[in-house]
Every structure is written in structure tokens, then in C-alpha cells.
Amino acid sequence: MIVVASSNGIVGIQTAVQVLRAGGTAVDAVEAGIRLVEANPDDHTVGYGGYPNILGQVELDASIMNGRTLESGAVAALQGYPHPISIARKVMEELPHVLLAGAGAARFAAEMGFTAQEMLTPEAQRVWQERLQRHMPPELFANLHAQPALRDWVRLATDPERAGGTVNFIAQDAHGDIACGVSTSGWAWKYPGRLGDSPIIGAGNYADNRYGAAACTGMGEMAIRAATARSLVLYLKMGMTLAEAGTEAMRDLADLHGRFLSVMNIIALDRHGQPAAFSSQQGKTYIYQRADMVEPIEALRTFVAIPTRWG
Ligand code: ASP
């Protein structure tokens, strides 16, 4: 039994391991761990306290995948609910669908009995306002919702090195079943309605008991274009080692063209319960904890260089 997470999963990993020790499933562990990150107001990249879109609205994305059944559920651009990972799980369990977005996702959350909440914290609102006002004339900022053209402001305000963040959890339970979960408030100051890789199965999240699982943080647009999480798992299926599969999935990103290319990070687990992680930035870490360990280990991600470019 093991739980692997991105470093900001530190507030939830011990609880996730405890769920496994108590006989919970990999899906239970992933959900429990991620809920604690979503509730952490100091994490401005996930759940409550997350930085908003360019209009000041917090829009959340999350997905969960059961590697035993290959079932998955996801919500995207969800406003007004603090635990998108739990709503994603309900999509997986209650609906014939995989992904609900926007008003439909919020409607389903209400239908399933989730409690609505204001998601923009005063701290996140302050940072959003400061960031936008650095570039925008005051009269424009005051009438933001009425602006016919937001696209240039999104490009100006969205700093690829600082505006991102997401939580990834992968768990393997006592039965050897694997699950993978991802939750994020997406890129800060993004265009309203923008979805990243986190709610897209195959892009930011993939789990298959027979081979392993992978989850991404970083520039979601790149993971969508290269189908990064699914690629890593497919490379495992084709017989590569975990180190080879992760490196190859990262190298695929180097083939992307275009004006907007930034960072990518992957955490992964193979079917034997071996963890690994990869990053396009040097010195980045991830965490994991096996059920017989008293606390998590922080380990270095394998660095794989990919080009970055902005504008
Ligand atoms: N992958 C997330 C997204 O593109 C953001 C991040 O992890 O930095 O929405």
C-alpha cells in the first residue's frame, strides 16, 4: 500500500495512508487526501483560497479515476463548491457521464447535497486585484465584467512561472487497486471557462491497474495536447520501465510548437507499487508514503528539459 502526491499534498497524505491502513479503497484514499488540500486556505492553487479567473471568479477543476474499472468522473469550471474531488467522484458513481462543466456541475453538486460556499478568500481577492491593477487602468478594472475583450489582459497577467499549481494523488490499496485524483483552481487570472488538463482524463490524470497511473501539474494546455498522463501509462503497457515511460512522456512535450510553452510535472506509480516523478524544472520534489512508514518521504523528481516560451 502506498500514496504518492505532489508536494502540496503534504497536508493530506497521512490521512490518505490512514484510510488505506483502515481497509479503505484506493479511491477512498485519494479523495480523503485531496479534500484536505482543497480545504487548505493557504494553498492558492486548489479549492478554497484558490486564485480566481481574470474576472475574480474561482473556477475549480478536478477528476478521479479508478484503475480497477477504468471508470472516471470529473468537474470543470465549477463555481461555489469547496470539494470538487468529491463531486467528481459522484459524477463517476452516479451518472452515465464522465465530465460536467460550469453551471451543470454546480447544479449536480446541489442535487447531490453538497453545501455551497463563497470560494474567493479576502487574501486571494487582494492578490488578484493587485496583479490586475499593475497592468490595467483603474477605469478598466472597475468595469471588468463589461469589457468586450479580455484576451490581451489574460496574456499580460498570466505569469507561467507563478500562476499555476494543482494537487495530484495516486494510491494503491491492499488489493493492489490503483486510483488517481487531481484537483486545481487552474491557472490564476485565466480566461473565464478555461479548462486545464486536471479534469481531462488522459491529459492530467490516468490510472490502469494493469500498468500504473500518472498525474500532472504544470501548463495544462501542454498535457492536453500531448495526452501526457495516458501516454506515460501507455508507455508502461508497451514494456518501458517507469523511468523510461516518464522520460518519454516528458520528451513528447518537447515536440509541441507554438507561442505558449511552459513547465510540466508528472507523478507516477507502476503496478508494482514503485513511485517516480518527473519535472521540466530542476530541483523539484514530490512525496510518497507506504503504509508501513510513519511519515512521508520527500524525493527529487527526475529532471527532463523541455523548451519554454511565452508570447
Ligand atoms: N495543470 C493546471 C492547469 O493547467 C495548473 C498547474 O498545475 O499549474 O490548470
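Below you will find a few notes about this structure.

Reading guide: rules and limits
- Residues numbered from 1 in each chain as written.
- Predicted model: local features only at pLDDT ≥ 70, side-chain atom pairs only at ≥ 80, totals over all residues.
- Heavy atoms only, no water.
- Pairing = 2+ DSSP bridges.
- Helix = DSSP H or I, 4+ residues; strand = E, 2+ residues; numbered from the N terminus.
- Contact = heavy atoms within 4.5 Å.
- Axes fitted to C-alpha atoms, helices over the stretch in contact; angles between N-to-C directions.
- Near = heavy atom within 4 Å.
- Polar contact = N/O pair within 3.5 Å; in protein donor to acceptor, adjacent residues only side chain to side chain.
- Areas by Shrake-Rupley, 256 points an atom, 1.4 Å probe, with all protein chains shown as cover.
- Nonpolar A, V, L, I, M, F, W, Y, C, P; charged D, E, K, R; others polar.
- Patch = residues over 30% accessible without salt bridge, like charges linked within 9 Å, V, L, I, M, F, W, Y side chains within 5 Å.
- Salt bridge = Lys/Arg side-chain N within 4 Å of Asp/Glu carboxyl O.
- Buried < 20%, exposed > 50% of the residue type's maximum accessible area, 1.4 Å probe, protein only.

A word on the sheet that holds strand S11 (residues 275-279). Within the open sheet, the five strands sit side by side as S7-S8-S10-S11-S14. Their pairing is mixed. The sheet is open, and its two edges are formed by strand S7 (205-208) and strand S14 (302-303), each paired on a single side. This element, helix H10 (residues 242-253), spans strand S10 (264-270) and S11 of the sheet and lies at about 25 degrees to S11.

Around the ligand sit Gly164, Gly165, Thr166, Gly186, Trp187, Arg194, Gly196, Asp197, Thr217, Gly218 and Gly220, and that is every residue in its neighbourhood. Here an oxygen atom of the ligand and a backbone polar atom of Gly165 are 2.5 Å apart. With respect to the ligand, the side chain of Asp197 contributes an N or O atom lying 2.8 Å from a nitrogen atom. For the ligand, whose unbound accessible area comes to 270 Å², protein coverage reaches 98%. Of the residues in the shell around the ligand, the class split is one nonpolar, eight polar and two charged.

A word on a nonpolar patch on the surface. Among the surface-exposed residues, Ile10, Val11 and Leu36 lie close enough to one another that they form a single nonpolar patch of about 230 Å² accessible area. Following the sequence through the fold, Leu36 ends up in helix H2 (residues 26-38). Accessibility expressed as a relative area gives 35% for Leu36, which makes it partly exposed.

What holds strands together in a sheet is hydrogen bonding between their backbones, with the strands either parallel or antiparallel. With respect to topology, eight strands assemble into an open sheet ordered S4-S3-S2-S6-S5-S1-S12-S13, the strand pairing being mixed. Where the open sheet ends on each side, the last strands, each with one partner, are strand S4 (99-101) and strand S13 (297-300). Taken over all neighbouring pairs, the strand axes of this sheet differ in orientation by 15 degrees on average, direction set aside. Pairing between strand S3 (residues 71-78) and S4: three bridges, direction parallel. Across the sheet, Ala76 pairs through a bridge with Ala101, a residue of S4. Of the strands in this sheet, strand S1 (2-6), strand S5 (167-172) and strand S12 (285-290) are in contact with helix H1 (residues 13-21), which crosses S12 at around 25 degrees. Those strands touched by H2 are strand S2 (60-66), S5 and strand S6 (178-184), and its axis lies near 155 degrees from that of S5.

This brings us to the side chain of Ser72. Structurally, Ser72 is set in strand S3. Its relative accessible area of 9% is what places Ser72 among the buried residues. Leaving out residues up to four positions away in the same chain, Ser72 has contacts with Ile64, Met65, Met92, His97, Val98 and Ile201.

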